[in-house]
Amino acid sequence: MTQTTDPTSAPVRRRRRIWLRDLAFLLAILAGMHWVQTRHVPSGEAPSFVAPLADGGEVALSSWRAQHAGKPVVIYFWAEWCAVCRAQRGAVEAIMADWPVLTVAMSSGDAAEVRRYLRNTGLDWQTAIDSDGAVAARFGLRGVPALVVVGPAGGIRAVSVGYTPSWSLRARLWWAALVG
């Protein structure tokens, strides 16, 4: 009895192997980039800070978190000059509908400048001012946009630097709600 083989099966298998190899390589590059961008982020408790608000007054992370007790929260670091931050806006707005988000304007000027920017772009965000990047430095962040998920118990649960889709952020918040 003779066995017949499909002459296209070997090339198909070869293409799949190449595709899987390339996918693994891409995932390794992405994982490496994420590690480089977040390697200075402290583990454990989120660093405390007090910062002026764009609309006046000031905010302490501890008291803001206390207003949202039992829930994970997001701290979103952005800058008015950042093009990726403008692309990130829609995802942040979508998350704000369901989860507490405190935004931090990094290196974007004083409170009046940030307030004017928020008004001109139609953003109704509670925004802390980090004019010299000191708050971001406490979190080990060197670039924007950056999103930090803080769990209900106050620990840093996830950090993302660069564009983050809303589904990914929702998954991180869901996980933080489960693990505390």
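Residues numbered from 1 in each chain as written. Predicted model: local features only at pLDDT ≥ 70, side-chain atom pairs only at ≥ 80, totals over all residues. Heavy atoms only, no water.

Caption draft 1: Looking closely at the sheet that holds strand β3 (residues 73-78). Spatial ordering of the open sheet is given by β5-β4-β3-β6-β7, a layout of five strands whose pairing is mixed. Bordering the open sheet on either side are β5 (127-130) and β7 (156-161), each of which pairs with just one other strand. On average, each strand axis in the sheet is tilted by 20 degrees relative to the strand beside it, whichever way the strands run. Lying on the sheet, helix α3 (residues 83-96) is in contact with β3, β4 (101-106) and β6 (146-150); it crosses β3 at an angle near 160 degrees. Together, β3, β4 and β5 form the strand contacts of helix α4 (residues 111-121), whose direction differs from that of β5 by roughly 135 degrees. (Pairing = 2+ DSSP bridges. Helix = DSSP H or I, 4+ residues; strand = E, 2+ residues; numbered from the N terminus. Axes fitted to C-alpha atoms, helices over the stretch in contact; angles between N-to-C directions. Contact = heavy atoms within 4.5 Å.)

Caption draft 2: Up close: α3. With 14 residues, α3 should cover 20 Å at 1.5 Å per step; its first-to-last C-alpha distance of 20 Å lies within 8% of that length. By the largest-angle criterion, arginine 89 marks the main kink of α3, which is about 40 degrees. Every buried residue belonging to α3 is among Cys85, Gln88, Arg89, Ala91, Val92 and Ile95, and all of these are buried. For α3, the elements touching its buried residues are β3, β4, α4, β6 and α6 (166-179). (Expected span 1.5 Å × (residues − 1). Bend = angle between axes of the 7 residues up to and from the residue. Buried < 20%, exposed > 50% of the residue type's maximum accessible area, 1.4 Å probe, protein only.)

Caption draft 3: Quick peek at the packing of aromatic side chains. Within the structure shown, the criterion is met by six aromatic pairs. Between tryptophan 78 and tryptophan 125, the aromatic rings sit 5.8 Å apart at their centres with planes inclined by 80 degrees, giving edge-to-face as the arrangement. Residue tryptophan 78 is located in strand β3, and its partner tryptophan 125 is located in the loop between α4 and β5; the two are separated by 47 residues in the primary sequence. Both residues of the pair, tryptophan 78 and tryptophan 125, count as buried. (Phe/Tyr/Trp six-rings, centres within 6.5 Å; stacked < 30°, edge-to-face > 60°.)

Caption draft 4: Geometry of the pattern of salt bridges. Applying the stated criterion to the full structure yields two salt bridges. Residue arginine 21 is joined to aspartate 22 by a salt bridge in which the shortest nitrogen-to-oxygen separation is 3.0 Å. Classification of arginine 21 as exposed rests on a relative accessible area of 53%. What makes aspartate 22 partly exposed here is its relative accessible area of 39%. Among the salt bridges present, the one from arginine 170 reaches aspartate 98, with a minimum N-O distance of 2.8 Å. Of the two residues, arginine 170 sits in helix α6 while aspartate 98 sits in the loop between α3 and β4, which places them 72 residues apart along the sequence. Of the residues examined, arginine 170 reaches a relative accessible area of 28% and is grouped as partly exposed. Aspartate 98 sits in the partly exposed class, given a relative accessible area of 45%. (Salt bridge = Lys/Arg side-chain N within 4 Å of Asp/Glu carboxyl O.)

Caption draft 5: Quick peek at a nonpolar patch on the surface. Judged by side-chain polarity, Trp19, Leu20, Leu23, Leu26 and Leu27 come together as a nonpolar surface patch covering roughly 510 Å² of accessible area. With respect to the helices and strands, tryptophan 19 occurs in helix α1 (residues 9-38). For tryptophan 19, a relative accessible area of 56% puts it in the exposed group. (Patch = residues over 30% accessible without salt bridge, like charges linked within 9 Å, V, L, I, M, F, W, Y side chains within 5 Å. Areas by Shrake-Rupley, 256 points an atom, 1.4 Å probe, with all protein chains shown as cover.)

Caption draft 6: Representation of a positive patch on the surface within the structure. Together, Arg13, Arg14, Arg15, Arg16 and Arg17 line one region of the surface with positive charge. By the element assignment, arginine 17 lies in helix α1. A relative accessible area of 55% places arginine 17 in the exposed class. (Lys, Arg positive; Asp, Glu negative; His and termini not counted. Charge placed at Lys NZ, Arg CZ, Asp CG, Glu CD.)

Caption draft 7: Here's a closer look at the nonpolar core. In this structure, Phe77, Trp78, Phe139, Leu141 and Val148 are the most contacted members of the largest nonpolar core, which totals 48 residues. Among the elements that make up this core, the one with the highest residue count is β3 (six residues). (Core = buried A, V, L, I, M, F, W, Y, C linked by side-chain atoms within 4.5 Å.)

Caption draft 8: Seen up close, the side chain of threonine 164. With respect to the helices and strands, threonine 164 occurs in the loop between β7 and α6. Among residues more than four places away in sequence, those in contact with threonine 164 are Gln88, Ala91, Leu147 and Leu169.

Caption draft 9: Examining unusual backbone geometry more closely. A cis amide bond, omega -5 degrees, links valine 144 with the succeeding residue proline 145. Mapped onto the elements, proline 145 comes out in the loop between α5 (134-138) and β6. Residues other than glycine seldom take positive phi values, yet serine 107 does so here, at roughly 50 degrees. The residue serine 107 is located in the loop between β4 and α4 in this model. Judged by relative accessible area, serine 107 falls into the partly exposed class, the value being 32%.

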